[in-house]
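# Analysis of the macromolecular model
Here's the letter readout for the chains.
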Amino acid sequence: GSPEAAAVRDYILTELSLRGLDVDIQRGAGLYQRNAFVFAGKTENIVARMKGFGSGRAVLLACHYDSVRTGPGASDDGHGVGVLLETARALNAGATLKNDIIFLFDVEETGMTGADAFARSHPWRKDVDVVLNFEARGTRGPDFMFQTSDGNGALIREFAAPAPSPVANSLTYEIYKRLPNDTDMSVFKRYGYAGLDFGFIDNVLAYHTGMDDAQHLDPATVQHTGSYALSLARRFGDANLQALRQREGNAVYFSAGGYFYHYTVLLAGAFTL
């Protein structure tokens, strides 16, 4: 609601228009509850759509463009805004994908209200099958894929195929489920979307402080995030998204020695017998 937020909003709108995307501003309200805490408020989401040649099913790439009052938010989540804009530019310059790509720049620091507003009421919400969400809790380090939707076997197989230098561990997902933390992916999961959640955590002391600025944000980290966004947008952009929404067993997965390993929970059980 600040003049600064309006300036960021207008910048994003201009950049998306230059890329020739179908752009919409969603003004409304969102609501999110976790245990005894309830967050509600006005939202002003920026939503853009890149049309594919298929049936209109869509992949959603999400970030938030607001920051806390205590810091400029270069990492949380300015890097996500930059990554999505650059991904849109790169996709627009390449071959048309089968599936539509929807870019969501929402309001998150007020309590995931922007993600709720989109998933609750935006007309394009019914077209989305897979969500890729980009967050940060630090200013540098590798970007972890730290959370997925349940029944993630097919998602992990698709993630493993194109992602350059994937960093992920299924143990972090199990730990995260037990922590009192949320991202926009928490909202999307409640609405039944399949998805992957990304974030980096090194230099966590800068989180939500004045040190979350451009000087502390590591360009190599932003590049790692961008490699995820572009490669996975292309992968899911040509995938059978309906098949990915079919729940199957969760996968066991981890990165080690420059490789990404993944296998089914049933196979993991066989290893322990």
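Residues numbered from 1 in each chain as written. Predicted model: local features only at pLDDT ≥ 70, side-chain atom pairs only at ≥ 80, totals over all residues. Heavy atoms only, no water.

## Let's talk about the overall build of the chain
Each helix and strand in the chain was counted, giving nine helices and nine strands. Relative to the globule expectation of 19 Å for 273 residues, the C-alpha radius of gyration of the chain, 18 Å, shows essentially globular dimensions. The dimensions of the chain, computed from C-alpha atoms along their principal axes, are 60 × 45 × 40 Å. The buried share among the 273 residues of the chain stands at 50%. A sequence separation of at least 24 residues applies to 81% of the contacts in the chain between residues at least 6 apart. Here the chain displays about 12,300 Å² of accessible surface, and carbon together with sulfur accounts for 56% of that area. Of the side chains in the chain, 25 bear a positive and 31 a negative charge, and the two mean positions are spaced by 6 Å. (Helix = DSSP H or I, 4+ residues; strand = E, 2+ residues; numbered from the N terminus. Rg over C-alpha atoms; globule rule 2.2 N^0.38 Å. Buried < 20%, exposed > 50% of the residue type's maximum accessible area, 1.4 Å probe, protein only. Contact = heavy atoms within 4.5 Å. Areas by Shrake-Rupley, 256 points an atom, 1.4 Å probe, with all protein chains shown as cover. Lys, Arg positive; Asp, Glu negative; His and termini not counted. Charge placed at Lys NZ, Arg CZ, Asp CG, Glu CD.)

## Focus on the sheet that holds strand S1 (residues 22-34)
In any sheet, the strands associate via hydrogen bonds between backbone groups, in a parallel or an antiparallel arrangement. Pairing in this open sheet of seven strands is mixed, and the strands run S1-S2-S4-S3-S5-S7-S6 from one edge to the other. The sheet terminates laterally at S1 and strand S6 (144-148), the two strands that pair on one side only. Put simply, the sheet's adjacent strands are angled 25° from each other on average, direction ignored. Relative to strand S3 (residues 58-64), helix H2 (residues 74-93) is tilted by about 145°, and along the sheet it contacts strand S2 (37-50), S3, strand S4 (100-106) and strand S5 (128-134). (Pairing = 2+ DSSP bridges. Axes fitted to C-alpha atoms, helices over the stretch in contact; angles between N-to-C directions.)

## Focus on the nonpolar core
With 48 residues, the main nonpolar core has Leu61, Phe103, Phe105, Leu132, Phe159 and Phe236 as its most contacted residues. Per-element tally for this core: the top contributor is H2, with six residues. What Phe159 contacts, discounting residues up to four positions off in sequence, is Met145, Pro166, Ala168, Leu196, Phe198, Tyr228, Leu232 and Phe260. Within the second largest apolar cluster, 18 residues are counted, among which are Ile102, Met112, Ala115 and Val128. (Core = buried A, V, L, I, M, F, W, Y, C linked by side-chain atoms within 4.5 Å.)

## Concerning the pairing of S4
The side chains of a regular strand alternate between the sheet's two faces. The buried fraction of S4 amounts to seven of the seven residues, a majority that puts the element mostly inside the structure. Burial along S4 is two-sided: the face carrying Asp100, Ile102, Leu104 and Asp106 and the face carrying Ile101, Phe103 and Phe105 are both buried. Examined bridge by bridge, S3 and S4 share seven bridges and lie parallel to one another. Each bridged residue has a counterpart across the sheet, and for Leu61 the counterpart in S4 is Phe103. Between the parallel pair S3 and S4, the chain is carried across by H2, and the sense of this crossover is right-handed. (Right-handed = clockwise from strand over helix to strand, strands pointing away.)

## Let's talk about the pairing of strand S9 (residues 259-264)
Across six bridges, the pairing between strand S8 (residues 251-256) and S9 is antiparallel. Directly across from Tyr253, in S9, lies its bridge partner His262. Linking two consecutive strands that pair antiparallel, namely S8 and S9, is a turn of two residues; a positive phi of about 60° is found at Gly257 within it.

## Points about H2
Taking 1.5 Å per residue, 20 residues should reach 28 Å; H2 reaches 26 Å between its end C-alpha atoms and fits that length. The buried fraction of H2 is high, at 14 of 20 residues. (Expected span 1.5 Å × (residues − 1).)

## Some details on a nonpolar patch on the surface
The grouping of Leu171, Ile175 and Leu179 at the surface amounts to a nonpolar patch, some 260 Å² of accessible area in total. Position of Leu171 among the secondary structure elements: in helix H5 (residues 170-176). (Patch = residues over 30% accessible without salt bridge, like charges linked within 9 Å, V, L, I, M, F, W, Y side chains within 5 Å. Salt bridge = Lys/Arg side-chain N within 4 Å of Asp/Glu carboxyl O.)

## Side note on the environment of Ser170
Among the secondary structure elements, Ser170 is positioned in helix H5. Apart from residues no more than four positions distant in its own chain, Ser170 is found in contact with Ala251, Val252 and Tyr253.

## Points about unusual backbone geometry
Glycine aside, negative phi is the norm for most residues, and most peptide bonds take the trans geometry. A cis amide bond links Asp76 with the next residue in sequence, Asp77, at an omega value of 15°. Phi is positive for Met112, which is not a glycine, with a value near 60°. Residue placement: Met112 occurs in the loop between S4 and helix H3 (113-121). Accessibility expressed as a relative area gives 7% for Met112, which makes it buried.

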